[in-house]
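# What the coordinates show
One letter stands for each residue in the lines below.
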2 protein chains.
Amino acid sequence: MTSRPLLEGVLAPVVTPFRRDLSPDGERLLRHCRWLLENNCGLAVFGTNSEANSLSVDERIELLDMLVDSGLDPARMMPGTGCCAFPDTVRLTSHAVAHGVGGVLMLPPFYYKGVSDEGLYRSFAEVIDRVGDSRLRIYLYHFPQMSAVPFSIDLVGRLRDAFPGIVVGMKDSSGDRAHLESVLRAFPGFGMFAGNETLLLANLRAGGAGCISATANVNPAAIDRLFQRWRENDAEAIQASLNDVRLAVQQFTLVPALKKIVSHHASDPEWNRLRPPLVELSEADGKKLISDLEKLRFEMPGLKSFAQP
Amino acid sequence: MTSRPLLEGVLAPVVTPFRRDLSPDGERLLRHCRWLLENNCGLAVFGTNSEANSLSVDERIELLDMLVDSGLDPARMMPGTGCCAFPDTVRLTSHAVAHGVGGVLMLPPFYYKGVSDEGLYRSFAEVIDRVGDSRLRIYLYHFPQMSAVPFSIDLVGRLRDAFPGIVVGMKDSSGDRAHLESVLRAFPGFGMFAGNETLLLANLRAGGAGCISATANVNPAAIDRLFQRWRENDAEAIQASLNDVRLAVQQFTLVPALKKIVSHHASDPEWNRLRPPLVELSEADGKKLISDLEKLRFEMPGLKSFAQP
């Protein structure tokens with residue numbers, strides 16, 4: 001167990017751009033990551049909103065190598081590494097830890113449903129044992145609506161007790177404030193990240209670490225402002241304005257909405273492409289999204305200089 | 001489009017044995033496959049009950065190479081090849097088709113939930129285009145309870161129309177007889193496999209092709225007998241006795257139950273091991289399972305000579 005500081009603040013599950021042949025566009029990804037870091041936003045690359053589960057293990061390894069080789073600070077990264085098959089999870093996690101990442105975000109194996117806590121415990125224990133590296137920091141990825149494999153409070157406690165300093169936190173994407181607070185009550189000091197910024201203030205007040213939010217891809221500075229000022233008088237007002245942007249975005253499917261926004265503000269149509277099974281927004285939906293955000297005076301300052309080829 | 005006959009009859013999603021270090025035990029798998037073929041049971045290797053989604057792509061490729069190199073007939077195989085990321089699905093499918101398999105069983109990309117028919121259509125179209133081989137025969141794997149990504153009738157029709165002779169059938173694991181019959185009414189001649197043998201007679205009467213059932217791993221000859229005699233007077237009686245065995249097995253989680261049965265009848269404790277997140281049956285559950293099957297005079301004739309090391 002090292003004494004490195006744990007991750008905190010705002011991270012984006014970084015959206016992954018694709019070329020015309022649907023191969024990952026490393027150059028555009030790198031520029032977007034640089035813009036996010038410039039806005040004090042950490043890099044939860046290979047999350048749900050990164051379409052990570054539409055990428056092969058090799059593709060994820062090559063992209064992470066590229067980002068680190070390009071000089072981005074791995075300590076600001078929390079790559080997603082949880083796969084259905086533990087050999088894949090072990091491979092991705094070992095690779096990320098070897099790069100010195102700040103932590104990894106780990107989905108449970110998500111194909112088999114209705115599995116026992118014992119089975120999930122063994123999955124994580126197997127991975128931790130095989131990675132065999134004390135630098136490993138795992139954030140459990142609780143996202144029942146997408147993985148359909150939730151973490152029970154019992155399981156979190158068992159993992160935390162068995163692997164202190166390794167199982168250090170959670171991303172709670174349930175959207176359920178009561179759940180988030182109950183985990184923090186059960187495990188004070190647990191590195192809890194809210195799954196979106198609408199719960200950022202509540203999470204910080206309950207002792208949490210920050211948020212990892214899809215919308216941080218497009219609104220990082222404003223979300224970070226709440227993280228910096230959450231003890232101040234204007235915190236509620238900042239939270240309210242963050243919520244307005246979030247609501248405008250999440251009226252549509254998140255990944256295509258985020259890509260439409262980046263594409264529009266970067267004046268770069270190449271960004272508006274997804275891997276199946278996700279599809280781009282219709283023209284009408286895209287127009288409504290951009291127009292609703294304009295009404296909120298939403299901007300992405302500096303994006304063009306980072307985002308354009 | 002070739003004129004090879006399409007797959008029919010009974011197939012087992014072949015259970016995958018693991019060694020003490022949880023690596024796949026190719027030797028035991030081969031012996032079990034030989035016993036299944038001896039009982040006129042086809043090999044749907046790498047299905048849900050094979051723990052295929054707990055295997056890496058490389059592990060599945062190596063196991064299939066080993067089975068084919070050992071002389072098993074690839075025309076009797078329908079390997080599962082559907083992954084979350086299309087590059088993985090393309091790789092597994094191309095490899096299986098190059099071996100001359102009878103067909104492939106393809107899950108939809110199953111991480112992202114609530115995706116559109118258009119997105120699923122593009123997923124399959126992308127895979128078919130990239131595999132680019134007229135020998136490809138796809139069976140759509142409909143299993144809403146596990147994948148949480150169902151196929152709509154519209155989508156099945158669109159895929160079948162766009163790729164005639166390639167999208168040739170479905171495994172319907174919904175367990176919903178009305179759904180199975182509605183697909184066959186919409187698409188007469190579609191290669192429909194019931195997801196378990198309790199619907200085999202109904203499926204054959206509705207024009208379906210057979211069944212792919214977990215229980216075929218342990219009860220293949222009896223299930224094949226129904227396939228051979230479904231037009232005879234004793235068909236209902238055979239169906240009823242198959243149902244008794246199925247009910248005894250499915251009172252427990254299927255994969256651990258199947259491995260317990262094989263382990264017991266082969267007198268081989270090595271079979272009773274699973275990859276997490278699945279776990280073996282408790283001792284009490286295992287005893288009840290074996291005893292309930294004994295009451296039904298259940299046997300696995302010849303297994304020992306095939307199954308023992």
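Keep in mind that what you see is a predicted model, and the values were worked out from it rather than measured.

About the criteria used
Residues numbered from 1 in each chain as written. Chains lettered and ligands numbered in written order. Predicted model: local features only at pLDDT ≥ 70, side-chain atom pairs only at ≥ 80, totals over all residues. Heavy atoms only, no water. Pairing = 2+ DSSP bridges. Helix = DSSP H or I, 4+ residues; strand = E, 2+ residues; numbered from the N terminus. Contact = heavy atoms within 4.5 Å. Buried area = accessible area lost by both parts, 1.4 Å probe. Polar contact = N/O pair within 3.5 Å; in protein donor to acceptor, adjacent residues only side chain to side chain. Nonpolar A, V, L, I, M, F, W, Y, C, P; charged D, E, K, R; others polar. Axes fitted to C-alpha atoms, helices over the stretch in contact; angles between N-to-C directions. Left-handed = near helix turned anticlockwise from the far one by under 90°. Expected span 1.5 Å × (residues − 1). Buried < 20%, exposed > 50% of the residue type's maximum accessible area, 1.4 Å probe, protein only. Disulfide = S-S within 2.5 Å. Least-squares fit on C-alpha atoms with pLDDT ≥ 70 in both.

## Here's the deal with the sheet that holds strand E3 (residues 104-106) of chain B
Residues and elements named next belong to chain B.
- One open sheet accounts for seven strands, arranged E2-E1-E7-E6-E5-E4-E3; its pairing is parallel. Single-partner strands in this sheet number two, and they are strand E2 (42-43) and E3.
- In this sheet, strand E7 (residues 210-212) lies alongside strand E6 (residues 191-194) in parallel orientation, the contact comprising two bridges. Considered in E7, the bridge of Phe-193 is made with Gly-210.

## So, the interface of chain B and chain A
- Listed per partner, the contact involves 42 residues of chain B and 42 residues of chain A.
- Taking both partners together, chain B and chain A bury about 3300 Å²; carbon and sulfur atoms supply 64% of that area.
- If you sort the residues of chain B by the area they bury against chain A, Tyr111(B), Tyr112(B) and Pro277(B) come out on top, with a joint share of 24%.
- Summed over the shared surface of chain B and chain A, the number is 16 residue pairs in polar contact (both at pLDDT 80 or more).
- At the level of secondary structure, the elements contributing two or more residues to the side of chain B that touches chain A comprise helix H3 (86-98), helix H4 (117-131) and helix H5 (144-147) of chain B.
- Top element by residues in the side of chain B that touches chain A is H4(B). It accounts for seven residues.
- Here the side of chain B that touches chain A is composed, by residue class, of 21 nonpolar, 10 polar and 11 charged.

## Some points on the packing of helix H4 (residues 117-131) of chain A against helix H6 (residues 153-162) of chain A
Residue and element names in this part refer to chain A.
- The N-to-C vectors of H4 and H6 enclose an angle of 35 degrees; their axes lie 10 Å apart at closest approach. In terms of crossing hand, the pair formed by H4 and H6 is right-handed. On the side of H4, the interface is formed by Asp-117, Glu-118, Leu-120, Tyr-121 and Phe-124, while H6 contributes Asp-154, Leu-155, Arg-158, Leu-159 and Ala-162.

## Observations concerning H4(A)
All names here are of chain A.
- Here H4 contains 15 residues, and its C-alpha end-to-end distance of 21 Å stays within 8% of the 21 Å for a straight helix at 1.5 Å per residue.
- Three or more residues of H4 are buried, namely Gly-119, Leu-120, Tyr-121, Ser-123, Phe-124, Ala-125, Glu-126, Val-127, Ile-128 and Val-131.
- Two residues or fewer past H4, Gly-132 is found with a positive phi of approximately 55 degrees.

## Regarding the environment of Asn53(A)
- Following the sequence through the fold, Asn53(A) ends up in the loop between strand E2 (42-43) and helix H2 (57-69).
- Distance in space between the C-alpha atoms of Asn53(A) and Cys83(A) is 8.1 Å, their sequence separation being 30 residues.
- Once residues within four sequence positions are removed from consideration, Asn53(A) is found in contact with Gly82(A), Leu107(A), Phe110(A), Cys84(B), Ala85(B), Tyr111(B) and Tyr112(B).

## A closer look at the state of the cysteines
- Tallied over the entire structure, the rule returns zero disulfides over all chains.
- The structure places no disulfide on Cys84(B), whose sulfur is separated from the nearest cysteine sulfur, that of Cys84(A), by 5.1 Å.
- For Cys84(B), a relative accessible area of 12% puts it in the buried group.
- Cys211(B) takes part in no disulfide bond, and the closest cysteine sulfur to it belongs to Cys41(B), at a distance of 8.2 Å.

## Quick look at the relation of the copies chain B and chain A
- When chain B is brought onto chain A, the operation consists of a screw motion whose angular component is 180 degrees and whose axial shift is 0.0 Å, with 0.0 Å RMSD remaining. Taken together, the rotation angle and the small translation identify this as a two-fold axis.

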